[in-house]
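The lines below spell out each chain.
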Amino acid sequence: MPAPEDAAASGGPEALPPTVAPQLRALRRRAALTLEAAARSAGLSPAHLSRLETGQRQPSLPMLLALARIYGTTVSELLGETVADRDAVLRGAETEPTRAGGWTYWQAGAAGRGMQALRVHVPYGSQGDVVRVHPGEEWLYVLRGELRLRLGDTAHRLGPGDSAHFDSLTPHRLAAGTGAGVDLLFVHTLLQSPTATLCLGPTPGDTHE
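Residues numbered from 1 in each chain as written. Predicted model: local features only at pLDDT ≥ 70, side-chain atom pairs only at ≥ 80, totals over all residues. Heavy atoms only, no water.

*Asks:* How should I be thinking about helix α5 (residues 61-71) in this particular structure?
*Replies:* Think of an α-helix as turning once every 3.6 residues; residues three or four places apart then point the same way. Where α5 is concerned, the buried positions are Met63, Leu64, Leu65, Leu67, Ala68 and Tyr71. After α5 finishes, the residue Gly72 shows a positive phi value of roughly 65°. (Buried < 20%, exposed > 50% of the residue type's maximum accessible area, 1.4 Å probe, protein only. Helix = DSSP H or I, 4+ residues; strand = E, 2+ residues; numbered from the N terminus.)

*Asks:* Sorry, what's going on with the sheet that holds strand β5 (residues 147-151) here?
*Replies:* Note: strands within a sheet are paired through backbone hydrogen bonds, in either parallel or antiparallel orientation. Here three strands make up an open sheet; going across it, the order is β6-β5-β8 and the pairing antiparallel. If you trace the sheet from one side to the other, it starts and ends with β6 (154-158) and β8 (172-176), each paired once. Between one strand axis and the next, the sheet turns through 20° on average, direction left out of account. With five bridges joining them, β5 and β6 adopt antiparallel strand pairing. Within the sheet, the bridge partner assigned to Leu147 lies in β6 and is Leu158. (Pairing = 2+ DSSP bridges. Axes fitted to C-alpha atoms, helices over the stretch in contact; angles between N-to-C directions.)

*Asks:* Quick question: what am I supposed to make of the packing of helix α2 (residues 20-30) against helix α4 (residues 46-53) here?
*Replies:* In a pair of packed helices, the angle between the axes and the distance between the axes together describe the arrangement. In the contact formed by α2 and α4, the axes pass within 7 Å of each other and the chain directions differ by 120°. Considered as vectors, α2 and α4 are oriented oblique to each other. Residues Ala21, Pro22, Leu24, Arg25 and Arg28 of α2 touch α4, and the partners they reach there are Leu49, Leu52 and Glu53. Its residues assigned to classes, the contact of α2 with α4 shows five nonpolar, no polar and three charged. (Parallel < 35°, antiparallel > 145°, perpendicular 65-115°, else oblique. Contact = heavy atoms within 4.5 Å. Nonpolar A, V, L, I, M, F, W, Y, C, P; charged D, E, K, R; others polar.)

*Asks:* Can you walk me through the side chain of Arg28 in this structure?
*Replies:* Within the secondary structure, Arg28 sits in helix α2. Within polar-contact distance, the side chain of Arg28 engages the side chain of Glu53 at 2.6 Å. When near neighbours in sequence (up to four residues on either side) are disregarded, Arg28 contacts Leu33, Thr34, Leu35, Ala38, Leu49, Glu53 and Tyr71. (Polar contact = N/O pair within 3.5 Å; in protein donor to acceptor, adjacent residues only side chain to side chain.)

*Asks:* Looking at this model, I keep getting lost on the pattern of salt bridges. Mind explaining?
*Replies:* Side chains that carry opposite charge are capable of pairing whenever their charged atoms lie near each other. All told, the structure shown has four salt bridges when counted by the stated rule. Each of Arg25, Arg28 and Glu53 takes part in a single network of salt bridges with overlapping partners. (Salt bridge = Lys/Arg side-chain N within 4 Å of Asp/Glu carboxyl O.)

*Asks:* Teacher, can you tell me more about α4 here?
*Replies:* Here α4 has its buried residues at His48, Leu49, Leu52 and Glu53. All buried residues of α4 project into a common sector of 140° when viewed along the axis, lining one side. Of the residues flanking the end of α4, it is Gly55, one or two places downstream, whose phi is positive at about 80°. (Arc of directions from axis to C-beta.)

Have a look at this one:
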């Protein structure tokens, strides 16, 4: 049986860019951390982190998130991605709706940020049984309708003007409480990378909103 850290770093079917390994080393050194100190903070062995930095192992996305936090940077920078200048203002008339898993959402913030902001419509009866757990935080605000929110073993009913802010590692489930559905403002911290695109639907392996 593989060691937990080896299993966690399998990286999935999509190989990461070849620039990731040297970028991991450069950012660790920029943070003035030894290999041993960084590995200890990330819950890895120094030998395993060394293999990540030399490209012998592929880091998993949760591992990239952990290393980004330790190095005081973003996953995008760990991946060596360059982000074009972004406007601070996003016009509602210029955003196109996207549908996934029965939900409809509109971007309410720039892509590639440490937080992702969305305006979401959740129809009644869609994804009510999907429970999600993933790293990060979530904040939501009810604009219209009633939201049924379950956090762990506790159920909540939220109406217009109500909000919730919680750790995404808490098992959570969102559903509309009335037939008209519910409209939300939604902000969450997720891996901002093409290798971890936003997915709202209950697809196989789905673990985030």
